[in-house]
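Architecture and fold: a report
Below are the chains, spelled out letter by letter.
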Amino acid sequence: MGKPRERSGGLVVFLLVLVLVMGAGAAGAIEIFPIARESGHQQYPAVDNTLVAWQHDQGGDSDLGIVEISSLNSIAPMTFEDSFSDAQRPAVSGGVVVWQSKSFMQDDWDVVGFDYTTETFFTVMSTYQDERRPAICGTLVVAEARTTAQADCDVLGADISRRSEPQLFWVDASAADQCRPDISDGFVVYEDAYSGTQQLYGADLTDLDDIAWFPIFTGAGSRRHPAIAGRWVVWEDDAFGKWAIAGDNVFHPRLPDVLQSSDAHDCLHADVYNNVVVWQDYRNGNWDIYGYNPTTKTSFQITSNNRDQTHPAITFNPDLNGYVVVWQDYRKGNWDIYGAYLDGPEVAGCASPLPSDVNADSVVDEKDLDQVEADQGKRNGIPPTEN
Ligand SMILES: [Ca+2]
Ligand SMILES: [Ca+2]
Ligand SMILES: [Ca+2]
Ligand SMILES: [Ca+2]
């Protein structure tokens, strides 16, 4: 009678060791590393591919900070020191950085750019009073713009195929404020206060002479800060009490998924890339960065430091062959830029979106048909119209 007990005891120990090893492996998949820790504040990071940019505030002046990350062992941040203008709120696409710039000689904001590959600066938007908060994807830039200091905000676009001669066009110049645009693959998303509360709209820029608008989500409550990458749009939504993170599929609009919500704390500043969503979360009594995988439908914690980590942005870094999340971090008593490298099960998913994978679980099966049926009659938006 003694031997079976010994055996079962040994099995329990073996399973316990296995669980501990597997747990350690999963935790080790997220590697946190510093990117820019100069004195003063480094804030509002943007990332795409291997390039990270941020706003560097020191001595009452904002400059552009930038670094290319091709290895976690050698990260050498640079600052474009320019004491004659302020550089704020950068955005990145491929090897190009755009940001809002205000010369100390003038009192209005413009959008300017820098090509990291050719090391050249260029002007993107300078026609109107204020062009601010740019976003970029490929050769298209969008920004919120005011034609005069008293005007409301509109969304302005620029085709920068020819750097020396950007072609400007209005994406949405309706009454009230249209602002905070983001862009991916020719689709723009932005906040629109036309109806009195902040709602989300999108525009298809496939044909710049015939822009098609469509609602992303409109309804009770308000929603703000949209971000788009590929087919996923994510945003902050207050229809659930505190601010929650919600997301939807632009190419198959349906009732939005609430990705993270709580009655007790806010979730803010979502960003998305492929099948990974990140945001800042106050559940621990200070801001931390959390993530969610719509493919596996699981959330995960990225930072646990007891100071604030905010404003995350995410991309896939091909040189590192993994996802990179960047954010601003107060762990040393002023804002710095930190990053995390993710290549574990938390970011697992289909490598590229599958046609007809309506429920975004990386498998095309009868569940997609079920989803289509379940969505019928519950339209929250309409697909981009064919013209
Ligand atoms: Ca201007
Ligand atoms: Ca407007
Ligand atoms: Ca924290
Ligand atoms: Ca700092």
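Everything quoted here is computed from the prediction, not taken from an experiment. (Residues numbered from 1 in each chain as written. Chains lettered and ligands numbered in written order. Predicted model: local features only at pLDDT ≥ 70, side-chain atom pairs only at ≥ 80, totals over all residues.)

**Some points on the overall build of the protein**
- Broken down by element type, the protein carries 2 helices and 28 strands.
- For the protein, the residues scored as buried account for 44% of the 387 residues in total. (Helix = DSSP H or I, 4+ residues; strand = E, 2+ residues; numbered from the N terminus. Buried ≥ 20, exposed ≤ 12 C-beta atoms within 10 Å, placed from the backbone.)

**A look at the environment of F114**
- You can see F114 is positioned in strand β8 (residues 110–115).
- F114 gets classed as buried once you count the C-beta atoms within 10 Å, which come to 21.
- Here F114 is in contact with V97 and F121, once residues within four sequence places are set aside. (Contact = placed C-beta atoms within 7 Å.)

**A few points about the confidence of the model for the protein**
- Per-residue pLDDT for the protein has a mean of 87; in total, 86% of the residues score no lower than 70.
- In the model, residues 1–28 has pLDDT below 50 throughout and makes 2 contacts with residues more than four positions away in sequence or in other chains.
- Considering only residues more than four positions removed or in separate chains, one finds that residues 378–387, a stretch of pLDDT under 50, has 23 contacts. (pLDDT = per-residue confidence, 0-100.)

**Thoughts on the environment of I337**
- Examined against the element boundaries, I337 turns out to sit in strand β28 (residues 336–342).
- Assessed through the 29 C-beta atoms surrounding it within 10 Å, I337 is described here as buried.

**Describing the sheet that holds strand β7 (residues 96–103)**
- With antiparallel pairing, 4 strands are arranged side by side in an open sheet as β6-β7-β8-β9. The sheet terminates laterally at β6 (85–93) and β9 (120–125), the two strands that pair on one side only. Between one strand axis and the next, the sheet turns by 30° as a mean value, whatever way the strands run.
- In this sheet, β7 lies alongside β6 in antiparallel orientation, the contact comprising 7 bridges. Within β7, the position partnered with D86 by the bridge is K102. (Pairing = 2+ DSSP bridges. Axes fitted to C-alpha atoms, helices over the stretch in contact; angles between N-to-C directions.)

**Some remarks on the pairing of strand β22 (residues 267–273)**
- With respect to burial, β22 is a largely interior element, 6 of its 7 residues being buried.
- Looking at chain direction, β22 and strand β23 (residues 276–281) are connected through 5 bridges and run antiparallel. Looking across to β23, one finds that V272 is bridged to V277.
- Following β22, the chain reverses through 2 residues before pairing antiparallel with β23; N274 in that reversal takes a positive phi of roughly 50°.

**Structural notes on the sheet that holds strand β16 (residues 199–204)**
- Strand order in the open sheet formed by 4 strands is β14-β15-β16-β17, with antiparallel pairing between adjacent strands. In this open sheet, the two edge strands, each paired with only one partner strand, are β14 (178–184) and β17 (212–217). Neighbour-to-neighbour, the strand axes of this sheet turn through a mean angle of 25°, independent of strand direction.

**Description of the pairing of strand β20 (residues 244–249)**
- Taking burial as the measure, the 6 residues of β20 include 5 buried ones, the bulk of the element.
- Bridging between strand β19 (residues 232–237) and β20 involves 6 bridges; their strand directions are antiparallel. Within β20, the position partnered with W232 by the bridge is N249.
- Two successive antiparallel strands, β19 and β20, enclose a turn made up of 6 residues, where G241 displays a positive phi of approximately 100°.
- Across 3 bridges, β20 lies against strand β21 (residues 257–260) in antiparallel orientation. Among the inter-strand pairings, A246 is bridged to a residue of β21, identified as V258.

**Describing unusual backbone geometry**
- The phi torsion at D185 lies on the positive side, around 50°, for a residue other than glycine.
- Here D185 shows up in the loop between β14 and β15 (187–192).
- The phi dihedral of N321 is positive, around 55°, even though this residue is not glycine.
- Along the chain, N321 falls in the loop between β26 (309–317) and β27 (322–329).
- The exposed category is assigned to N321, around which 9 C-beta atoms lie within 10 Å.

**Things to note about the environment of A149**
- Summarising the element assignment, A149 is placed in the loop between β11 (140–146) and β12 (154–159).
- Taking the C-alpha atoms as reference points, A149 and D130, separated by 19 residues in sequence, lie 7.6 Å from one another.

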